[in-house]
Amino acid sequence: NMVTIPVRFLPPTFFKYASAKRSTHPIKSLLHVGSIGPHHPHRCSIVNELISRSCIPFLHQTTASPEDAALLYAKHAIVLNIPLNHDLNHRVYEIMAAGAPQIIFGSPEILGDQECLALRSDLFWVSSIDEIEKVTNHLLHDQSALENILVPPPPVWELDQLIKAALAPYKQSVGFKK
């Protein structure tokens, strides 16, 4: 007999992300860090479209380490995060740890039960190139809006709470009692 436990997104809790101090005079552009090779066609199409449209200052980079990425994030006004699998990726937390506001190409539904993340003012959710350009232009042209975005560090959840959350669907499906 085999028991199947559903896979669920759980935020990192015991993982320390490379951190950096957000620049007081950031580079006024939208930064994307990540691979756009053949295994990333969705990400590649978005990056290439932003470059070809040239409607916003946009820079794409790759890095050799999380520390290098944190330093890049912290130097730029806004960071673009394009989750590959329509799930909440570690890059969300890397960008938070670097102190940068981020535009996430996706739906806030990927947050699942992590309601505290939905209330963060440093996360901007978009679903089109037009929306990326609109949010970027607004933030880059309204200095006070950009300066007033507070970017708290990534949240940390206690391990026992993570285990309870991970097992909740399993407990319900097999009828465990508290």
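A. Looking closely at the nonpolar core. Ranked by internal contacts, the top residues of the largest apolar core, which has 22 residues, are Leu30, Ile46, Leu50, Ile78, Leu80, Ile103 and Ile132. Elements with a contribution of two residues or more to this core: α1 (41–53), β3 (76–81), β4 (102–105), α5 (129–141) and α6 (143–147). In contact with isoleucine 46, not counting residues within four places along its chain, are Leu80, Ile82, Phe105, Ile129 and Ile132.

B. Summary view of the side chain of glutamine 102. Note on placement: glutamine 102 falls in strand β4. On the basis of relative accessible area, glutamine 102 is assigned to the buried category, the value being 0%. Polar side-chain contacts of glutamine 102 include one of 3.2 Å to the side chain of asparagine 81. A polar atom in the side chain of glutamine 102 sits 3.0 Å from the backbone oxygen of valine 92.

C. The packing of α1 against α5, seen in detail. Remark: α1 packs on α5, axes separated minimally by 11 Å, with the N-to-C direction vectors making an angle of 60°. For the element pair α1 / α5, the angle class is oblique. Crossing hand, α1 versus α5: right-handed. Within the contact between the two elements, α1 uses Ile46, Glu49, Leu50 and Arg53 and α5 uses Ile129, Asp130, Ile132 and Glu133. Taken together, the residues of the contact of α1 with α5 sort by class into 4 nonpolar, no polar and 4 charged.

D. Region of interest: the packing of aromatic side chains. What the rule picks out here adds up to 1 aromatic pair. Here the aromatic rings of tyrosine 17 and tyrosine 93 are separated by 6.1 Å at their centres, their planes lie at 20°, and the arrangement is stacked. With a gap of 76 residues between them, tyrosine 17 in the segment before β1 (27–33) and tyrosine 93 in helix α3 (residues 90–97) connect regions that are remote in the sequence. When its relative accessible area of 9% is taken as the criterion, tyrosine 17 is described as buried.

E. Focus on the sheet that holds strand β5 (residues 123–126). Read from one edge of the open sheet, 5 strands run β2-β1-β3-β4-β5, paired in parallel fashion. Pairing within the sheet leaves two strands with one partner each, and these edge strands are β2 (58–61) and β5. If you compare each strand with its neighbour and ignore which way they point, the axes differ by 25° on average. The sheet contact formed by β4 and β5 spans 4 bridges and is parallel. Bridge pairing links isoleucine 104 to tryptophan 125 in β5. Along the sheet face, α1 touches β1, β2, β3 and β4 and points at about 145° away from the line of β2.

F. α1, seen in detail. In this model, α1 (13 residues) spans 18 Å end to end at C-alpha, consistent with the 18 Å of a helix rising 1.5 Å per residue. Elements in contact with the buried residues of α1: β1, β2, β3, α3, β4 and α5. At the C-terminal side of α1, serine 54 shows a positive phi close to 50°.

G. Inspection of the side chain of arginine 91 at higher detail. Inspection of the secondary structure puts arginine 91 in helix α3. Here arginine 91 occupies a buried position and makes no salt bridge, while the nearest side chain of opposite charge, glutamate 94, is found at 4.3 Å. There is a polar contact of 3.3 Å between the side chain of arginine 91 and the backbone oxygen of valine 33. Leaving out residues up to four positions away in the same chain, arginine 91 has contacts with Val33, Gly34, Arg43, Tyr73, Asn81 and Gln102.

The rules behind each value
- Residues numbered from 1 in each chain as written.
- Predicted model: local features only at pLDDT ≥ 70, side-chain atom pairs only at ≥ 80, totals over all residues.
- Heavy atoms only, no water.
- Core = buried A, V, L, I, M, F, W, Y, C linked by side-chain atoms within 4.5 Å.
- Buried < 20%, exposed > 50% of the residue type's maximum accessible area, 1.4 Å probe, protein only.
- Helix = DSSP H or I, 4+ residues; strand = E, 2+ residues; numbered from the N terminus.
- Contact = heavy atoms within 4.5 Å.
- Polar contact = N/O pair within 3.5 Å; in protein donor to acceptor, adjacent residues only side chain to side chain.
- Axes fitted to C-alpha atoms, helices over the stretch in contact; angles between N-to-C directions.
- Parallel < 35°, antiparallel > 145°, perpendicular 65-115°, else oblique.
- Left-handed = near helix turned anticlockwise from the far one by under 90°.
- Nonpolar A, V, L, I, M, F, W, Y, C, P; charged D, E, K, R; others polar.
- Phe/Tyr/Trp six-rings, centres within 6.5 Å; stacked < 30°, edge-to-face > 60°.
- Pairing = 2+ DSSP bridges.
- Expected span 1.5 Å × (residues − 1).
- Lys, Arg positive; Asp, Glu negative; His and termini not counted.
- Salt bridge = Lys/Arg side-chain N within 4 Å of Asp/Glu carboxyl O.

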